[in-house]
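# Notes for the structure review
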Amino acid sequence: MSKTLKGKVAVVTGSTSGIGFGIAKMLAGAGCDIVLNGLTKDPEEGRQIASSLEKELQTRARFHAANMLDPDQIGELIRFTTEELGGVDILVNNAGIQHTAPVESFPKEKWDAIIGINLSSCFHAIQAALPVMRKRGWGRIINIASTHGLVASKNKAAYVAAKHGVIGLTKVVALETAEEDITVNAICPGWVRTPLVEAQISDLATRESISQEDAARKLLAEKQPSLRFTEVDDLGAMAVFLASDAAAN
Ligand code: NAD
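Everything quoted here is computed from the prediction, not taken from an experiment.

## Here we look at the overall build of the chain
Secondary structure summary: the chain contains eight helices and six strands in total. Reading the secondary structure of the chain in the N-to-C direction produces β-α-β-α-β-α-β-α-β-α-β-α-α-α. In terms of C-alpha radius of gyration, the chain reaches 18 Å, essentially the compact-globule figure of 18 Å for 249 residues. Projected onto its principal axes, the C-alpha coordinates of the chain cover approximately 55 × 35 × 35 Å. Split into buried and exposed, the 249 residues of the chain put 49% on the buried side.

What follows is the structure, given as structure tokens:
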């Protein structure tokens, strides 16, 4: 891959697995120095993921264990990135969780956690990173929303509300930065076969006594006309494009 983003520093929240890791890897492949983040069993596991990325892609990679539920820790993630790698040019707000249940029995603590991790963390990270981008006169903010930022499904009250919120937040910050060399975009993936979706496939397979593969096909048939999962590398390539000069306006 050509190093079109050489010299840029990127932070990707929730990047120890799934889509976030795929995006971090593609940004690193395009030359970015990277800070990974996520909930791992201990910080050493996160540091090892960063160290393998560094060796594989010959770029600088660090790990910070900020919990996206805590605005102070999100501020520390941005400060850490600036101190370790010299700034924040690209912020990818990707951390997210899911819980499914009908609205009247939706656990209140799951509502709070989903709104906190999937939506409020984007606000806190943007608020912390934007002044750093403005000082450097360049920035790219990429929020990982979802098709559920555009349409709804039953049993996903918190997730759908949070992802619609991410799209609203994206539009506001895009307007507020429109005259600067800072862009703000949201990506709305359909189904991607990550740990977050494996859990939904397993639930459906158990509930309907069908195989994992039949459950996967059934989920796809609900909302994804191609009947194919989107690959994390496709989303990584989209993030690299949105960070490139081609997407500057
Ligand atoms: P995943 O479970 O593989 O990854 C989630 C990441 O978020 C992990 O690195 C995890 O450690 C991190 N995380 C969770 N809670 C955290 C917290 N409190 N603090 C810090 N990190 C935390 O899931 P994924 O499917 O890769 O999802 C990534 C994003 O993509 C989410 O925002 C999700 O809503 C969105 N998305 C996923 C799909 C899909 O089909 N998989 C579709 C559309 C959008």
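Okay, back to it.
## Digging into the site of the ligand
Taken together, the neighbourhood of the ligand is formed by 30 residues, with Ile19, Asn94, Tyr159, Val192 and Thr194 sitting nearest. In the model, an oxygen atom of the ligand is placed 2.4 Å from a nitrogen or oxygen of the Thr194 side chain. Look at the ligand: alone it shows 830 Å² of surface, and the protein chains cover 93% of it. Listed by contribution, the elements that provide at least two residues to the shell around the ligand are helix H1 (18-29), helix H5 (157-176) and helix H6 (195-208).

## Comments concerning the packing of aromatic side chains
Applying the stated criterion across every chain, the model contains zero aromatic pairs. In this structure, Lys8 is placed above the aromatic ring of Trp138, and the distance from its NZ or CZ to the ring centre is 3.8 Å.

## Some thoughts on the environment of Ala186
Mapping Ala186 onto the fold places it in strand S6 (residues 182-187). A relative accessible area of 30% means that Ala186 is categorised as partly exposed. Residues Ala186 and Thr170, spaced 16 residues apart in sequence, show a C-alpha to C-alpha distance of 6.4 Å. Filtering out sequence-adjacent residues up to four positions away, Ala186 remains in contact with Asn143, Ala145 and Thr170.

## Regarding the side chain of Thr194
Of note, Thr194 is situated in the loop between S6 and H6. Those residues in contact with Thr194 that lie beyond four places of it in its chain are Gly18, Ile19 and Val232.

## Let's talk about the packing of helix H4 (residues 108-136) against H5
Where H4 meets H5, the axes come as close as 8 Å, and the angle between the chain directions of the two elements is 15°. Accordingly, the angle class assigned to the pair H4 and H5 is roughly parallel. Viewed along their axes, H4 and H5 form a crossing whose handedness is right-handed. Two secondary-structure elements touch here, H4 through Trp111, Ile114, Ile115, Asn118, Leu119, Cys122, Phe123, Ile126, Leu130 and Arg134 and H5 through Ala157, Ala158, Tyr159, Ala161, Ala162, Lys163, Gly165, Val166, Leu169, Val173 and Glu176. A breakdown of the residues in the contact of H4 with H5 according to their chemical character gives 16 nonpolar, two polar and three charged.

## Some words on the pattern of salt bridges
Evaluated as defined, the whole model comprises 13 salt bridges. For the salt bridge of Arg136 with Asp89, the shortest nitrogen-to-oxygen distance reads 2.8 Å. One end of the pair, Arg136, is in helix H4; the other, Asp89, is in the loop between helix H3 (71-85) and strand S4 (90-93), and 47 residues separate them in sequence. Its relative accessible area of 3% is what places Asp89 among the buried residues. When the shortest N-O distance is used, the salt bridge between Arg217 and Asp214 registers 2.6 Å. In this pair, Arg217 and Asp214 both sit in helix H7 (residues 212-223), three residues apart, roughly one turn of the helix. Judged by relative accessible area, Arg217 falls into the exposed class, the value being 51%.

Reading the values: the criteria
Residues numbered from 1 in each chain as written. Predicted model: local features only at pLDDT ≥ 70, side-chain atom pairs only at ≥ 80, totals over all residues. Heavy atoms only, no water. Helix = DSSP H or I, 4+ residues; strand = E, 2+ residues; numbered from the N terminus. Rg over C-alpha atoms; globule rule 2.2 N^0.38 Å. Buried < 20%, exposed > 50% of the residue type's maximum accessible area, 1.4 Å probe, protein only. Near = heavy atom within 4 Å. Polar contact = N/O pair within 3.5 Å; in protein donor to acceptor, adjacent residues only side chain to side chain. Areas by Shrake-Rupley, 256 points an atom, 1.4 Å probe, with all protein chains shown as cover. Phe/Tyr/Trp six-rings, centres within 6.5 Å; stacked < 30°, edge-to-face > 60°. Lys NZ or Arg CZ within 6 Å of the ring centre and 35° of its normal. Contact = heavy atoms within 4.5 Å. Axes fitted to C-alpha atoms, helices over the stretch in contact; angles between N-to-C directions. Parallel < 35°, antiparallel > 145°, perpendicular 65-115°, else oblique. Left-handed = near helix turned anticlockwise from the far one by under 90°. Nonpolar A, V, L, I, M, F, W, Y, C, P; charged D, E, K, R; others polar. Salt bridge = Lys/Arg side-chain N within 4 Å of Asp/Glu carboxyl O.

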